[in-house]
Protein chains: 2
Amino acid sequence: MNPAESPLLTDLYQLTMLDAYHARGMEATAVFELFVRKLPPGRNFLVAAGLEQALAYLEQLRFSAGDLEWVQRSGRFSPGFAACLARLRFTGEVHAMREGTVFFPGEPVLRVTAPLPQAQLVETRVINVIHYETLVASKAARCVLAAPGRCLVDFGLRRAHGAEAGMLAARASYIAGFSGTATVLAGREMGIPLFGTMAHSFVQAHDDEAAAFEHFAALHPQGTTLLVDTYDTEAGARKVVALAGRLRERGVRVGGVRLDSGELGALAVSVRRILDEGGLGDTTIFASGNLDEYRLREFTAAGAPIDGYGVGSSLVTSGDAPYLDAVYKLQEYAGRARRKRSTGKATWPGRKQVYRHRDARGRLAHDVVSVEGDEQTGTPLLVPVMRKGRRLHAAESLEAMRERAAAELASLPERLRALEDSAEPYRVEIAPALRKLAAEVDRAGGEIPALLK
Amino acid sequence: MNPAESPLLTDLYQLTMLDAYHARGMEATAVFELFVRKLPPGRNFLVAAGLEQALAYLEQLRFSAGDLEWVQRSGRFSPGFAACLARLRFTGEVHAMREGTVFFPGEPVLRVTAPLPQAQLVETRVINVIHYETLVASKAARCVLAAPGRCLVDFGLRRAHGAEAGMLAARASYIAGFSGTATVLAGREMGIPLFGTMAHSFVQAHDDEAAAFEHFAALHPQGTTLLVDTYDTEAGARKVVALAGRLRERGVRVGGVRLDSGELGALAVSVRRILDEGGLGDTTIFASGNLDEYRLREFTAAGAPIDGYGVGSSLVTSGDAPYLDAVYKLQEYAGRARRKRSTGKATWPGRKQVYRHRDARGRLAHDVVSVEGDEQTGTPLLVPVMRKGRRLHAAESLEAMRERAAAELASLPERLRALEDSAEPYRVEIAPALRKLAAEVDRAGGEIPALLK
């Protein structure tokens, strides 16, 4: 059973509410928007990802016979509820930002317009995929900015939070500019480039480190990466040099060495010298081991001779900020705008659009959030992606998303590229039309909704 | 496709190494152990979880025709490699700590004994499940200690890292003492008790908050939980009181109210008063919204009249420590102990056992790690769970694991129950026999292994 495909991968209250909606015939059109309330500390922007998984989920949504039997047996719902779920499909519309788009707090990245029960039920899983992929894409983008021009590889599967996280992390980091992943299944299923070296256990299983190197290299004559830190990093590098001549005679090239422990920056310098002096000037140095964007920035600043990095746990868990304040909120029901006013969690009502403005050099200048249909200049970021429950376009290629993300990162103003909070955050304006709608909703008492303009 | 079931959910280097082992006929018995190198800040212990998923994975491990075709097509491996993978099954032994057991850094929680290629291949996924469930069980145990006697519910699915994380978080937190989860599929698949309330969108979709309450409550006459903070928490509570009489006449009971925003501790006091004065003394108060063990401790210390808590993002991501330094290391190959000596990452060699000592009152006193078969007193924590690739016992019930975890938490010395680092960490001794083995391995040069005693 793949939990990702079950409509029961949801919160119990979604079903309880659906039961209540059904009992009252509350099936008018609802509009929900997914947005992030605020940035985690140190973040200046986010990178949207996960739309494809959300759309695939919506398109295949249906209750199986087993699901319906469980609903009936559970005794938690009204008698006719299972029959009502049996007919349930997602028949609504989705507008969304394209994956790889840079966005900011308060901006909807996805809008669902559908009969209330459908739009409500899908909340949990839609947040689940978009939140996680956006989290990882945003973290990965920071690594990319911190190590310009370097080969970055997702090494995180083992400490990702379960199987799907490993797969989605490979995808999200690739969109954001990583060169690839070590996760084989992500290569097979999504065509993400695969990278791999060797483990310490390989060296340990041989009686001699040099024999392990020779054995491994010989199987990969075009060049492989040898792990040199199992016993002593510099000694390991010298063994590689000593071997290289013999291997060359057999037509085998040593592609690179990997450092995975100790003072990586200093070791890279000494290993580079050992390799260069040994005539292995084109053998690359790859580093791994507890890396994150802050360590990468240090290596970049120090000019460390490291050609590539494996980034694992901190990438796939977004270690310093493992979740975002991502929410999916009702903005309109039955043609009337709605607004939640809970302390610290109030929302802007109505269907919204985000309009992006760029400066003369094409760099991001500011965004305006307004009600949909407002006469605004700027480029609207939310585009229709699903109608009547069917995707409007074939799935975009990861390469296209990756190019978009690269262009977006390149067009970030310098102050937002830093790894620390910018003193001047990106400006997101609330348009007068949206303020007016909110005031109307409030004047009407909040719970008695204002008419949409 | 369920990624959790594919043998290709692994790191590329596992396959590359297998190819090399195959080429050299390196198929002697290897012993790998999974352990956590050190505790994250603020942690004094960990709770083992995830064994069942690891064993299920090992038992079903096989390459499908599609997997083999990919291996062949990829051009990355030796010609005979796919045929060799086609025959691969896990035929080894597993020893492990039972789920719900408290353990400490440096102690193996799981030991795999199998032909080298098998034991190597499974590394990534075995760490993936045990790391994540242990992470969440350990976080959940802290919440349980911080809110004794309260009903704790996993609310985290939407911000869990993907689908499987949501399922496994429900399981791991239940083992550690949570009362249940909101994740429907976890209830259906694993029998974990389900809890749910209502969402703000439900209130917002109605034109009137009181009408929403009445509508929802009427469907759940035995008692449901009403969310009272959509507009104004105290006003919401007063509406519940006003409704309660009318509902009672219809045979409908208001079970509880939920607070999800604002100053939860202060609001709980005023809402408790409103409910009590309104004759709803048995209506419970449930709180949610950015909770973690530190907030729970504050409420407990203040005597806040809160009966239960929904804990979400911080639980399922282990927000303050989203990954552990969990590793799976080769300890023995072909009858000889092995040791990695990388800077800061050296391991103790050989097959090990953990012996637990308790004081006269049954509380945890200290552990001793030694080589297996050493004459040690204390209770050995690693027990055989799989032989010849088959589980030795039926899967243990979650209830049994939950009871074990409760007993373990009850037997923790007071200083380890705190949410901050204890000045006196739990004592884990390395037995003389293990030190002797390590010295022998080192004397032999580390890479030339010592004979096992």
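Residues numbered from 1 in each chain as written. Chains lettered and ligands numbered in written order. Predicted model: local features only at pLDDT ≥ 70, side-chain atom pairs only at ≥ 80, totals over all residues.

Q: Please explain the relation of the copies chain A and chain B as it appears in this structure.
A: In summary, the two copies of the chain are related to each other by a rotation about an axis coupled with a shift along it. Superposing chain A onto chain B takes a rotation of 180° plus a shift of 0.0 Å along the axis, which leaves an RMSD of 0.0 Å. Such a combination of turn and shift is consistent with a two-fold rotation axis. By C-alpha distance to the rotation axis, the residue of chain A lying nearest is A:N2, at 2.4 Å. Most of the interface of chain A is mirrored in chain B, where 100% of its interface residues again form contacts. (Least-squares fit on C-alpha atoms with pLDDT ≥ 70 in both. Contact = placed C-beta atoms within 7 Å.)

Q: Help me understand the packing of helix α2 (residues 51-60) of chain A against helix α6 (residues 123-146) of chain A, please; the structure alone is not making it clear to me.
A: When two helices pack together, their arrangement is given by the angle between their axes and by how far apart the axes lie. Residue and element names in this part refer to chain A. Interaxial distance between α2 and α6 falls to 8 Å at its minimum, and their mutual angle equals 155°. If you check the angle between α2 and α6, you find them roughly antiparallel. Once α2 is placed against α6, the crossing between them reads as right-handed. Taken together, the residues of α6 that come into contact with α2 (itself represented by L51, Q53, A54 and Y57) are R125, V126, V129 and I130. Across the contact of α2 with α6, the residue classes tally to six nonpolar, one polar and one charged. (Axes fitted to C-alpha atoms, helices over the stretch in contact; angles between N-to-C directions. Helix = DSSP H or I, 4+ residues; strand = E, 2+ residues; numbered from the N terminus. Parallel < 35°, antiparallel > 145°, perpendicular 65-115°, else oblique. Left-handed = near helix turned anticlockwise from the far one by under 90°. Nonpolar A, V, L, I, M, F, W, Y, C, P; charged D, E, K, R; others polar.)

Q: I tried to follow the domain arrangement of chain A on my own but got confused; where do I start?
A: Frequently, the measure chosen for interface size is the accessible area removed from exposure when the parts meet. Residues and elements named next belong to chain A. Domain assignment breaks chain A into domain 1 (3-136 + 321-443) and domain 2 (148-316). Taking the mean C-alpha position of each, domain 1 and domain 2 sit 38 Å from one another. Of the residues lining the interface, 15 residues belong to domain 1; the matching set on domain 2 comes to 19 residues. Broken down by secondary-structure element, the contributors of at least two residues to the side of domain 1 that touches domain 2 are α6 and α15 (398-410). At six residues, α15 tops the list of elements feeding residues into the side of domain 1 that touches domain 2. A breakdown of the residues in the side of domain 1 that touches domain 2 according to their chemical character gives eleven nonpolar, one polar and three charged. (Domains from an automatic or database assignment.)

Q: Please explain the interface of chain A and chain B as it appears in this structure.
A: The interface of chain A with chain B comprises 88 residues on the first partner and 88 residues on the second. When residues in the side of chain A that touches chain B are grouped by element, the largest group, nine residues, is from helix α1 (residues 12-24) of chain A.

Q: Explain helix α12 (residues 264-277) of chain A here, please?
A: Residues spaced three or four apart along an α-helix point in a common direction, a consequence of the helix completing one turn every 3.6 residues. Residue and element names in this part refer to chain A. With 14 residues, α12 extends 19 Å between its outermost C-alpha atoms, agreeing within 8% with the 20 Å of an ideal straight helix rising 1.5 Å per residue. Along α12, the positions that sit buried rather than exposed are L264, L267, A268, V271, R272, I274 and L275. All buried residues of α12 fall inside an arc of 165° around its axis, so they share one side. Set apart from the buried face of α12 by more than 90 degrees, the exposed residues are A266 and E277. Its buried side turned inward, α12 meets α11 (233-249), β9 (254-259) and β10 (284-287). (Expected span 1.5 Å × (residues − 1). Buried ≥ 20, exposed ≤ 12 C-beta atoms within 10 Å, placed from the backbone. Arc of directions from axis to C-beta.)

Q: Can you help me understand the pairing of strand β3 (residues 93-96) of chain B in this one?
A: Regular strands place their side chains on alternate faces of the sheet. Residue and element names in this part refer to chain B. As defined by bridge partners, β3 adjoins strand β5 (residues 110-115) across four bridges and the pair is classed as antiparallel. Note that in β5 the partner of E93 across the bridge is T113. Alignment of β3 against strand β17 (residues 383-387), held across three bridges, turns out to be antiparallel. Its bridge partner being in β17, V94 is matched across the sheet by M386. (Pairing = 2+ DSSP bridges.)

Q: Teacher, can you tell me more about the sheet that holds strand β10 (residues 284-288) of chain B here?
A: Sheets are built from strands that pair by backbone hydrogen bonding, the pairs being arranged parallel or antiparallel. Residue and element names in this part refer to chain B. Taken in spatial order, the six strands line up as β7-β6-β11-β10-β9-β8 in an open sheet, and their pairing is parallel. The two strands at the open ends of the sheet, each matched to only one other strand, are β7 (180-181) and β8 (224-227). Inspection of the sheet shows β10 paired to strand β11 (residues 308-311) by three bridges, in the parallel sense. Note that in β11 the partner of S288 across the bridge is G310. Here helix α11 (residues 233-249) sits on the sheet and contacts β8 and β9 (254-259); the angle it forms with β9, its principal contact strand, is near 170°.

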